[in-house]
Amino acid sequence: MTTNGVPLETVPHWIAGAPVGSAAGTKSEIVDPATGHAMRTVELGGAEIVDQAVAAARSAAQGWASTPTPVRATVLLAFRSLLLEHAEELASIITAEQGKTLADARGEVARSVEAVEVAASAVQQLKGEFAEQVSRGVDTYSFRQPLGVCVGITPFNFPVMVPVSMFAAAIACGNAFVLKPSEKVPSASVRLAQLFAEAGLPHGVFNVVHGGVDAVNALIDHPDVAAVSFVGSTPVAREIYRRAAEVGKKVQALGGANNHLVVMPDADLDAAADALVSAAYGAAGQRCMAVTVAVVVGDIADQLVAKTADRAEAFRTGPGDAESSDMGPLISETATERVRSALDAAAGQGATVVVDGRKNTDQGAGYFIGPSLVDHVRIDSDLYRDEIFGPILSVVRVDDLEQALRVVNAGPYGNGASIFTTSGVAGRRFAHDVQVGSVGINVPIPVPISWFGFGGWGDSRFGDDGLNYDAYRFYTKAKVITQRWTEPRQGVAPNFVAAGSQ
């Protein structure tokens, strides 16, 4: 593939510590969402390249599992240092392929560094338990062991943070890893692999393959893959969970969201309006924890809508690498059409388009659409029920906190929800009764730091364990040993007896 007759650079697979091309030679264009033009290509593979990557991971897994945990931590800390050293380079790669602003991309890299810091503390996370004298001369203890080969299938919206949150924990636990990033944003994953190799990670412990559905299915079905981690839409998460679980693999599959921010009458309305536009329009709304619905309680709705509209209209949309931009483009023309269609349908279902992002698209051939604010949204409307994954903030008006909680809890998703209030009573009630995995109180995007677990409820997560701190249980299996060291014979004891009775 060429641009103006000049061959485009090709992003390769990364297997066993080296770049690898696909035997079939299939490639896909990587499009700059700010211009709509192809800037490079990516190798696409299927079952053959997956077999090669899994074989490399399987070969490396046993040696890495037997590597002392403190030695693994040393490699992770070296990787952390390289992430810091190359933070601006990684942010630029994110912005070029994903479209988010450089400031947002820098924040993503910073969160990735945090995830590696937690992974480097795996000695603490993986400690077992010991119970002495559970019976006469008998002790019981437990420890956790790695699974072997683990797989990560990651989305376009966080090309660094989501993959790192998976593979750093898995590798810290002693596993080998195969990453299948979104083919829309593949370059960061290969750069991460290069940096990890530079940090001293043995070849084959971390591998990257690119591809579409064929590659995903080959990874899920591969008999040497023990665990599958996924982040993406709910329909795909549900299918991956079903398919991988049916063949006996551990699965964590994080799906979609429809996140609410409840604004109480006693809230600081300026702070709430600032939070709403930041959480709804940052990264063009392409975050699983973006606020999509403002649930406004009582008679403050008109004031809050006006304040939010002022801020939304002042939000500057442009290329992510322009320092003046508050929001970059969406990932594709399909994504922009989805937003336009949602706004087209909103008025016909009783809503009022207060700020219309369709009018803010004068950015050339890029995939731009401006912030949109829609008031009087009904909870039975398509705009409310669908995951738009774009810069639309819907406003639902309610009478009291009780009604607000019913609105939030009635939906199928349970990723995150926030409340803005000055009342400790309201904040505590909301935190206790809301049915989501991550809760914010006067915090618009309640993504916890990596020392806590992360993952939604309901249709936002399939599987018991989430990311961050929870991942250490997911990427290991428990073993419990009951031992007796005695020299004299104990005789025959055919009966099952309670602990402590012998």
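In what follows, the structure referred to is the one given above.
Residues numbered from 1 in each chain as written. Predicted model: local features only at pLDDT ≥ 70, side-chain atom pairs only at ≥ 80, totals over all residues. Heavy atoms only, no water.

Student: How should I be thinking about the pairing of strand 15 (residues 259-263) in this particular structure?
Tutor: On a regular strand, one side chain projects to one face of the sheet and the next to the other, so that they alternate. Judged by how many residues are buried, strand 15 sits mostly within the fold: five of five residues are covered. With burial as the criterion, each face of strand 15 is covered, one bearing N259, L261 and V263 and the other bearing H260 and V262. One ladder, built from five bridges, connects strand 15 with strand 16 (residues 291-297); its direction is parallel. Bridge pairing in strand 16 links V262 to V295. (Buried < 20%, exposed > 50% of the residue type's maximum accessible area, 1.4 Å probe, protein only. Helix = DSSP H or I, 4+ residues; strand = E, 2+ residues; numbered from the N terminus. Pairing = 2+ DSSP bridges.)

Student: Would you explain helix 1 (residues 47-65) in this entry?
Tutor: Spacing of three or four residues puts side chains on the same side of an α-helix, whose turn is 3.6 residues. Here helix 1 is 19 residues long and its end C-alpha atoms lie 26 Å apart, about the 27 Å a rise of 1.5 Å per residue gives. Helix geometry: helix 1 is bent most strongly at S59, by close to 25°. Residues of helix 1 that are buried: I49, V50, A53, V54, A56, A57, A60, A61 and W64. (Expected span 1.5 Å × (residues − 1). Bend = angle between axes of the 7 residues up to and from the residue.)

Student: Sorry, what's going on with the packing of helix 14 (residues 401-410) against helix 15 (residues 424-433) here?
Tutor: Geometry of a packed helix pair, given as the angle between the helix axes and the separation of the axes. For the pair helix 14 and helix 15, interaxial distance at closest approach is 11 Å and the crossing angle is 25°. Put simply, helix 14 runs roughly parallel to helix 15. Note on packing geometry: the crossing formed by helix 14 with helix 15 is right-handed. Between helix 14, through L401, E402, L405 and N409, and helix 15, the contact on the second element is made entirely by A426, R429, F430 and D433. Here the contact of helix 14 with helix 15 is built from residues that sort into four nonpolar, one polar and three charged. (Axes fitted to C-alpha atoms, helices over the stretch in contact; angles between N-to-C directions. Parallel < 35°, antiparallel > 145°, perpendicular 65-115°, else oblique. Left-handed = near helix turned anticlockwise from the far one by under 90°. Contact = heavy atoms within 4.5 Å. Nonpolar A, V, L, I, M, F, W, Y, C, P; charged D, E, K, R; others polar.)

Student: Looking at this structure, how should I read empty space enclosed by the protein?
Tutor: Sizing a probe to match a water molecule and rolling it over the atoms shows the empty space that remains. Taken as a whole and assessed by the stated rule, the structure comprises five cavities of 30 Å³ or more. Quantified by volume, the largest cavity comes out at close to 80 Å³. Around the largest cavity, the lining residues are N258, T292, V293, L383, Y384, D386, E387, I388, F389, G390, I392 and S394. Put simply, the parts of the chain that give the lining of the largest cavity at least two residues each are strand 16, helix 13 (382-385) and strand 19 (392-398). Looking at the lining of the largest cavity residue by residue, the class counts come to six nonpolar, four polar and two charged. Here the second largest cavity is characterised by a volume of approximately 50 Å³. As for the second largest cavity, its lining consists of A115, V118, A119, V164, S165, A168, A169, S450, N468 and Y472. The biggest single contributor to the lining of the second largest cavity is helix 6 (residues 161-172), with four residues. Grouping the constituent residues of the lining of the second largest cavity by class yields seven nonpolar, three polar and no charged. (1 Å grid on protein atoms, 1.4 Å probe; cavity = no way out; pocket = protein on both sides within 12 Å on 5 of 7 lines; lining within 4 Å. Points joined across faces, edges and corners; volume = space filled by probe spheres on them.)

Student: Which parts of the structure should I look at to understand the pattern of salt bridges?
Tutor: Here the structure, examined in full by the defined rule, presents 28 salt bridges. In this structure, R242 engages E246 in a salt bridge whose closest nitrogen and oxygen atoms are separated by 2.9 Å. Pair noted here: R242 and E246 are both in helix 9 (residues 234-246), with a separation of four residues, about one helical turn. For the salt bridge of R397 with D375, the shortest nitrogen-to-oxygen distance reads 2.7 Å. Note that R397 is positioned in strand 19 and D375 in strand 18 (residues 372-375), a separation of 22 residues in sequence. Overlapping salt bridges, with partners in common, bring together D270, D274, K307 and R311 in one network. (Salt bridge = Lys/Arg side-chain N within 4 Å of Asp/Glu carboxyl O.)

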